[in-house]
Amino acid sequence: MRYLPLTEADRQAMLAAIGVVGVDDLFKDVPVPARRDAPVDLPFHAGEMAVEHRLTALAQKNLSAGCAPFFIGAGVYRHHIPAAVDALIQRGEFLTSYTPYQPEVSQGTLQYLFEFQSQVALLTGMDVANASMYDGATATAEAAAMACRVTKRAHILLSGDLHPHYRSVTATALQYSGLDVEALPPDPLGSEDLIGRIGPDTACVVVQNPGFFGRLRDATALAAACHAAGALLVMAVAEPVSLGLVKAPGDMDADIVVAEGQSIGNPMAFGGPGLGLFATRDKYVRQMPGRLVGQTVDGDGRRGWVLTLSTREQHIRREKATSNICTNSGLCALAFTIHLSLLGEAGFRRLARLNHAHAVMLAEKLAPLKGVRLLSQTFFNEFAVALPKSAAEVVEALARRGVLGGVPVSRFYPSYPELDGVLLLAATETTAEADMDALADALREVL
Amino acid sequence: MAETSRGLMLEEPLIFEQDSPGLCGVDLPEPPLVIDRLGGLERQEAIGLPGLSEPAVVRHYTRLSQKNVGIDSVFYPLGSCTMKHNPRINEKLARLPGLADIHPFQPASTVQGALELIDLTAHWLKTLTGMPAIAMSPAAGAHGEFCGLMTIRAALEDRREKRLRILVPESAHGTNPASAAACGFTVDPIPATARGRVDLAAMKAKLGGDVAGLMLTNPNTCGLFEDEILEIAEAVHQAGGYFYCDGANYNAIVGRVRVADLGVDVMHINLHKTFSTPHGGGGPGAGPTVLSAALAPFAPLPAVVHDDRGFRLVEHAAQSGAKPCGRLKGYHGQFGVFVRALAYMMSMGADGLRQASSDAVLSANYLLAELASELTPSFAGPCMHEALFDDRFLKDTGVTTLDFAKAMIDEGFHPMTMYFPLVVHGALLMEPTETESKDTLDRFIASLRGLARRAKGGAAASFKAAPVHTPRRRLDETAAARTPVLRWRR
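It should be emphasised that the depicted structure is a prediction, and the values quoted were computed from it without experimental measurement. (Residues numbered from 1 in each chain as written. Chains lettered and ligands numbered in written order. Predicted model: local features only at pLDDT ≥ 70, side-chain atom pairs only at ≥ 80, totals over all residues.)

**A look at the overall build of chain A**
For chain A, the count of helices and strands is 12 helices and 13 strands. Taking 447 residues into account, the globule formula puts the C-alpha radius of gyration at 22 Å, and chain A, at 25 Å, falls close to it. A principal-axis box enclosing the C-alpha atoms of chain A has dimensions of 80 × 55 × 50 Å. Put simply, chain A has 447 residues, and 63% of those count as buried. Considering only contacts within chain A whose residues lie at least 6 apart along the sequence, 74% involve residues at least 24 apart. (Helix = DSSP H or I, 4+ residues; strand = E, 2+ residues; numbered from the N terminus. Rg over C-alpha atoms; globule rule 2.2 N^0.38 Å. Buried ≥ 20, exposed ≤ 12 C-beta atoms within 10 Å, placed from the backbone. Contact = placed C-beta atoms within 7 Å.)

**A short note on the packing of helix H11 (residues 335-371) of chain B against helix H13 (residues 438-456) of chain B**
Residue and element names in this part refer to chain B. Relative to each other, H11 and H13 sit at 30°, their axes nearing to 10 Å. With respect to their mutual orientation, H11 and H13 come out roughly parallel. The element H11 and its partner H13 pack so that their crossing is right-handed. Note on element contacts: H13 touches H11 through Leu-441, Ile-445, Leu-448 and Arg-449, opposite Ser-363, Tyr-366, Leu-367, Glu-370 and Leu-371. Residues of the contact of H11 with H13, tallied by class, amount to 6 nonpolar, 1 polar and 2 charged. (Axes fitted to C-alpha atoms, helices over the stretch in contact; angles between N-to-C directions. Parallel < 35°, antiparallel > 145°, perpendicular 65-115°, else oblique. Left-handed = near helix turned anticlockwise from the far one by under 90°. Nonpolar A, V, L, I, M, F, W, Y, C, P; charged D, E, K, R; others polar.)

**Some details on the nonpolar core**
Within the largest apolar cluster, 318 residues are counted, with the highest numbers of intra-cluster contacts made by Ala144(A), Ala147(A), Cys204(A), Val205(A), Val206(A), Leu233(A) and Val234(A). If near-sequence neighbours (up to four positions away) are discounted, Ala147(A) is found in contact with Ala203(A), Cys204(A), Leu232(A), Val234(A) and Ile256(A). (Core = buried A, V, L, I, M, F, W, Y, C linked by C-beta atoms within 7 Å.)

**Description of the domain arrangement of chain B**
Residues and elements named next belong to chain B. Domain parsing of chain B yields domain 1 (89-344) and domain 2 (351-479). Centre-to-centre, using C-alpha coordinates, domain 1 lies 30 Å away from domain 2. Across the contact, 18 residues belong to domain 1 and 19 residues belong to domain 2. (Domains from an automatic or database assignment.)

**Comments concerning the packing of helix H4 (residues 112-129) of chain B against H11(B)**
All names here are of chain B. For the pair H4 and H11, the least separation of the axes is 10 Å and the interaxial angle reads 55°. Here H4 lies oblique to H11, going by the angle between them. Between H4 and H11 the crossing geometry is left-handed. Contact with H4, carried on its side by Ala-114, Leu-117, Ile-118, Leu-120, Thr-121 and Trp-124, involves Phe-335, Phe-338, Val-339, Ala-341, Leu-342 and Met-345 of H11 and no other residues of that element. Tallied by class, residues from the contact of H4 with H11 come to 11 nonpolar, 1 polar and no charged.

Structure representation (structure tokens):
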């Protein structure tokens, strides 16, 4: 067993030093009925070759995105990840360290997290960002809870254009907290009236930009209405590449911004792990969940970094903490920050423009098809179309033709028959024009 | 900053301080010309990201990495975190395109291997613990706690019983009370005995019709197995409550203890601890949560099911035939972490996992025995996979647990966990894991004995000055909190 360095002689010497006969003596506190005397009914140890063979066989049962024309988004996006990102995050000093509790031997982690926080603040147009949450959905739930702490109110209003998983995670997480989560019906056309539903107990309105159905929104007026009523505006961003082209939430006066950072630097990996981004205004920082890295000096007066404001956190405050989060998404944050550093201002802007241009091209190729109706008049890299038949069946038919042709909205909203024909389609910088033509051809056959 | 590098003592400015405006480390094609669909919402101002070439970026992060220690570079006995070796085959397999480059919303017919992998990982975890059901979606330990408590809350609602009090030992990790509070429970602390275990009589006295259950870490945070666990579980069940076991310390008992036989209703498993997925500087982790038959119907969605047409996902309550407590995370859980954990479990096998737990416990007891002469163990052994000491051996030396930890850095080790658990004074919690050689353990023992003797010999000043062999000396955490600087500004 290649991961176990103790020899049988070592074990005997250690048992002798402890003063027991066998290792079973060390388990004497385990009640007899719960002890196992023999290995469980699972395969015995295996070498690298055997394990690689088994998992490669499982991998080969999947159609990977690179092997098909691919147009799926809905909160997880396929982008090109520069080779340097993956090489750097696999450095053992990053990969095999933990939460930087001992700052003198963790300045690497602390400095990249400080840089990450700065990048997230810049991207979102906010004052301050934390060192990451699990994903966009859990970050949204945390933001809603934080808004209730800040405003001392209990009503949370979720837009129908917010990602359905962000909505259900928020509703689940807060269902026993005494808060009132109101989720408006799915809103593919942007017709909901959020301002009219803000009441005296409203803690926050949660909207997404670009919306789940693709539409772009200027939330400035909504923010003003929230603030006039003493509520906060929480903005979710499921595709942060959009921030290279679309007006930032901070410039629309949002109070809390949450996002899914996967699409910068991280593979889709079947949806996990993700990377929750969380940013807010300076005045709310002490109500923030999650770890924060701050700048300080060492005993010689040299600049350095530490975890800070930890009196918000569970290891100090226990049941009074702002969140129960401990382990977060450090390595995904590292991939994000390296990718963004490689892109820089010019590269990030260009990446966003490429995404948008490809999505516009795709929309222009599909809109003329018989039966296809574009629902999103504005969008970034993803839009909704209405089809004359079940989008779920269309997607299955496309898959049989080797095309991964978007996500049927009915997958999220099976109890809304009026959405059965709605299909979400995304394009990124990885989407080739030939792939778009393949989708258009396949759709022509299927519709 | 005007610091200068000397040899391997590297100084590295912030990435923002290395800006060459216009430079870019990624060559992207010029976007095709289109009429935009932004509706006038184009971002106008510069974002403020620095421009760098690829070599500059690679050097920056490489130099940052050299200011860190990890398991790869040092012995890292950080108690309660299980810093064991992270095999690289796990990393290689997680990057196979068929596992990394797949989307959570692909049609099920195109991701049969991924669904089978989740199911297989679940099978291993259920078989190892003997528990009948599992929720795979929790993202980390604290999230698994939240999941477990949420299922308890849902089960109680289903029973139409209003039980809002949760018993939590004072020695518990801070996430336990924080998770309980997030589920709307009130936390009632229970004291420990002089043996470092739950005070059974005191706990029984707190039971009643308003108690939802007990959250108990076992092996506990003092590194001890709760030897009255069967009586504890029985008392909780008799009072109508559920028994949540915090599985943070599961590495001590894998393959040696059948969790189901301890009377556990729900337990989370930290894949990033027990099953060797990398800690990554603070995540990502994964916290799959095993459930008893009583709590299984309330497990959150999604769930992977298998029938004659293959594997598929159940994503909605109406399709589940159960009473799920909702959805706790986007998509289908920490899939990339599952791949690594499954590769590890397959590599170790039923025999290897049992040997790993045995060696982890053996190594901790070896530390406990060999350090007892110079340090002060808090409780009599045997311990499980962690050895707990307190600061009585430092009494009147002027050296604190913090000073002692910082001096360990200069000896070439990552310090143990300090000041946790809270039930002993100045705690030093050491978890060697099974992946350290006896030679490493012996060097560590010799170092710590030497440090203890030095402390007792009146060398407090040198402890206060530690560490010195690090990129930075002790950092001023008070100043950082008093005037927070949380981001770079031009």
